[in-house]
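One letter stands for each residue in the lines below.
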Amino acid sequence: MTILIAIHSPFEIWTIPPSYVDRLRHRFPTHAFLHARTDDEALTMYPDAEAVFAGQITRQQLAAATRLRWLHSPAAGVGGMLFPEMLASPVVLSNSRGMSAGTIAEHVLAVTLALFRRLPHAFRCQAAHEWAQDAIGAQGNRLIADARVLIVGLGAIGGAVAQRMALLGARVTGLRRRAAGPAHGPWTVAPAGHLHDLLPAADVVVVAAPHTRETRGLIGRPELALMSRDAILVNVSRGQLVDELALVEALRARAIGGAALDVFVDEPLAPDSPFWTLPNVLITPHTSGFRPDHWDAATDLFAENLERFDAGLPLVNVVDKEAGY
Ligand SMILES: NC(=O)c1ccc[n+]([C@@H]2O[C@H](COP(=O)([O-])OP(=O)(O)OC[C@H]3O[C@@H](n4cnc5c(N)ncnc54)[C@H](OP(=O)(O)O)[C@@H]3O)[C@@H](O)[C@H]2O)c1
């Protein structure tokens, strides 16, 4: 079988190192692996590919991929490739959900603690050699213990956040699209439709649902208005789930306590974005999901699925194209 690997990005951390392509070649000597370093190069290789390991595919590439049966993404979010032609095609999609759950959950803890302990303010004062005991002390330290944490999207990432927050004594509720099924720990599970009921009491709102038709703009002006003035918003999912204009307004007006944003509608975030200078915002450049052994984990998951594909077994992490994740 001919397999195309097309995982490249302007950012080096999201580009598969060639040594991992070689590793797959050695592990699966009966398959032919093509390695594309650019979109244009990938386009010339798609006609031969029966399987693809890629984080994105364009309409033009899909049209050229006449032999393609299966595409596996090294990312969890696949919303960008669910255009109508892909929905209509028989190509099976699988993703890497779960792979980054632990590292993202630690990130959520880190930024929640940073905002609860006023660290952005402390860092600004440190840079200015300013002993701001009164200013920082007046805001008070907040505790995760007993805080009410609302997780929008209790999947692999949301579940890992719930576990860690609950261990620190938080009172955790998670929202799922299909709320049937038991909670797998000391937290409450509620259906997505309960969002508005639960927002007013939340101290921390963690956005961890996928970007789908249903979740676009999920946290907009009405939702921000329901949050308390102390509450913080943490987005580790995709920028499209949050109405950024409404969020800037809410932050400027101090209508909510702060935000920690790892993802944005347009990435890289424009140099003139108001988010950069808002004092109650913590920005990370879509790095929450990176783990030290990222490419080992990503290629191992692909290899596991390739073995299954070869053996005619069901793949893991098959995407429900209609649901969008
Ligand atoms: N920042 C990063 O670097 C990074 C890295 C990896 C992933 N991500 C993003 O995080 C997303 C989630 O990843 P994951 O691995 O946790 O995915 P997952 O395991 O598939 O979990 C998704 C969860 O969201 C829930 N959900 C779906 N639609 C919803 C809605 N309308 N309202 C509330 N909950 C809803 C699902 O409900 P059910 O349980 O009922 O299906 C599920 O619990 C990805 O799609 C990706 O966009 C970001």
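Shown above is the structure to which this text applies.
Definitions and limits used
Residues numbered from 1 in each chain as written. Predicted model: local features only at pLDDT ≥ 70, side-chain atom pairs only at ≥ 80, totals over all residues. Heavy atoms only, no water. Pairing = 2+ DSSP bridges. Helix = DSSP H or I, 4+ residues; strand = E, 2+ residues; numbered from the N terminus. Axes fitted to C-alpha atoms, helices over the stretch in contact; angles between N-to-C directions. Parallel < 35°, antiparallel > 145°, perpendicular 65-115°, else oblique. Left-handed = near helix turned anticlockwise from the far one by under 90°. Contact = heavy atoms within 4.5 Å. Nonpolar A, V, L, I, M, F, W, Y, C, P; charged D, E, K, R; others polar. Near = heavy atom within 4 Å. Polar contact = N/O pair within 3.5 Å; in protein donor to acceptor, adjacent residues only side chain to side chain. Areas by Shrake-Rupley, 256 points an atom, 1.4 Å probe, with all protein chains shown as cover. Domains from an automatic or database assignment. Salt bridge = Lys/Arg side-chain N within 4 Å of Asp/Glu carboxyl O. Buried < 20%, exposed > 50% of the residue type's maximum accessible area, 1.4 Å probe, protein only. Right-handed = clockwise from strand over helix to strand, strands pointing away. Phe/Tyr/Trp six-rings, centres within 6.5 Å; stacked < 30°, edge-to-face > 60°.

Let's shift gears to the sheet that holds strand E12 (residues 281–283). Strand order in the open sheet formed by seven strands is E8-E7-E6-E9-E10-E11-E12, and the pairing between neighbours is parallel. What marks the edges here is a single partner per strand, and that holds for strand E8 (188–191) and E12. Here the strands of the sheet are splayed against their neighbours by 15 degrees on average, with no regard to which way each runs. For strand E11 (residues 258–261) and E12, the ladder comprises three bridges, and the chain directions are parallel. Looking at E12, one finds that Ala259 is bridged to Val281.

This brings us to the packing of helix H5 (residues 101–116) against helix H8 (residues 156–167). Contact geometry for H5 and H8: axes closest at 8 Å, N-to-C directions at 50 degrees. With respect to their mutual orientation, H5 and H8 come out oblique. As H5 runs across H8, the sense of the crossing is right-handed. Within the contact between the two elements, H5 uses Ala101, Gly102, Ile104, Ala105, Glu106, Val108, Leu109 and Thr112 and H8 uses Ala156, Ile157, Ala160, Val161, Arg164 and Met165. Across the contact of H5 with H8, the residue classes break down as ten nonpolar, two polar and two charged.

Another point: the site of the ligand. Taken together, 29 residues lie around the ligand, and Arg97, Ile157, Arg176, Arg178 and Tyr325 are the ones closest in. With respect to the ligand, the backbone of Arg177 contributes an N or O atom lying 3.1 Å from an oxygen atom. Protein contact buries 94% of the 940 Å² of open area that the ligand shows by itself. Counting residues per element, the ones that place at least two in the shell around the ligand are H8 and strand E7 (171–176). Looking at the shell around the ligand residue by residue, the class counts come to 13 nonpolar, nine polar and seven charged. The two domains that each donate at least three residues to the shell around the ligand are domain 1 (2–99 + 292–311) and domain 2 (101–283).

Attention now goes to the pattern of salt bridges. By the definition in use, this model includes twelve salt bridges. Among the ionic pairs, Glu249 bridges to Arg221, the shortest N-O distance being 3.0 Å. Within this pair, whereas Glu249 is found in helix H11 (residues 244–252), its partner Arg221 is found in helix H10 (residues 221–226), the two being separated by 28 residues in sequence. On the basis of relative accessible area, Arg221 is assigned to the partly exposed category, the value being 44%.

Of all five residues in strand E6 (residues 148–152), four are buried; the element is thus mostly enclosed. Taken together, the five bridges between E6 and E7 define a ladder with parallel strand orientation. Considered in E7, the bridge of Val149 is made with Val172. Of the crossover connections in this fold, the one passing from E6 over H8 to the parallel E7 is right-handed. Pairing of E6 with strand E9 (residues 204–207) involves four bridges; the strand directions are parallel. The partner of Ile151 across the bridge, within E9, is Val206.

This next bit is on the packing of aromatic side chains. Taken as a whole and assessed by the stated rule, the structure comprises five aromatic pairs. Summarising the aromatic geometry, the rings of Trp70 and Phe302 are spaced 5.5 Å apart at their centres and angled 15 degrees between planes, so their arrangement reads as stacked. On the criterion of sequence distance, the pair formed by Trp70 in strand E4 (residues 70–72) and Phe302 in helix H12 (residues 294–311) is long-range, its members being 232 residues apart. Each member of the pair Trp70 and Phe302 is classed as buried. Clustering of aromatic rings is evident, with ring pairs tying together Phe53, Trp70, Phe302 and Phe309.

A separate point is the sheet that holds E4. Spatial strand order, E2-E1-E3-E4-E5: five strands in an open sheet with parallel pairing. Both edges of this open sheet fall to strand E2 (32–35) and strand E5 (92–94), since each of them pairs with a single strand only. With direction set aside, neighbouring strand axes in the sheet form an average angle of 20 degrees. Against the sheet, H12 makes contact with strand E1 (2–6), E2, strand E3 (51–54), E4 and E5, and its axis sits at roughly 160 degrees relative to E4, the strand it touches most.

Time to look at unusual backbone geometry. Cis peptide bonds are those with omega within 30 degrees of zero, and the linkage from Glu267 to Pro268 qualifies with 0 degrees. Of note in the backbone geometry, His129 takes a positive phi value of approximately 55 degrees without being a glycine. Residue Asn317 is not a glycine yet carries a positive backbone phi of 60 degrees. Looking at the element boundaries, Asn317 is found in the segment after H12.

This part takes up the side chain of Asn280. Within the secondary structure, Asn280 is located in the loop between E11 and E12. Among the polar contacts listed, one links the side chain of Asn280 to the backbone oxygen of Leu251, at a separation of 3.3 Å.

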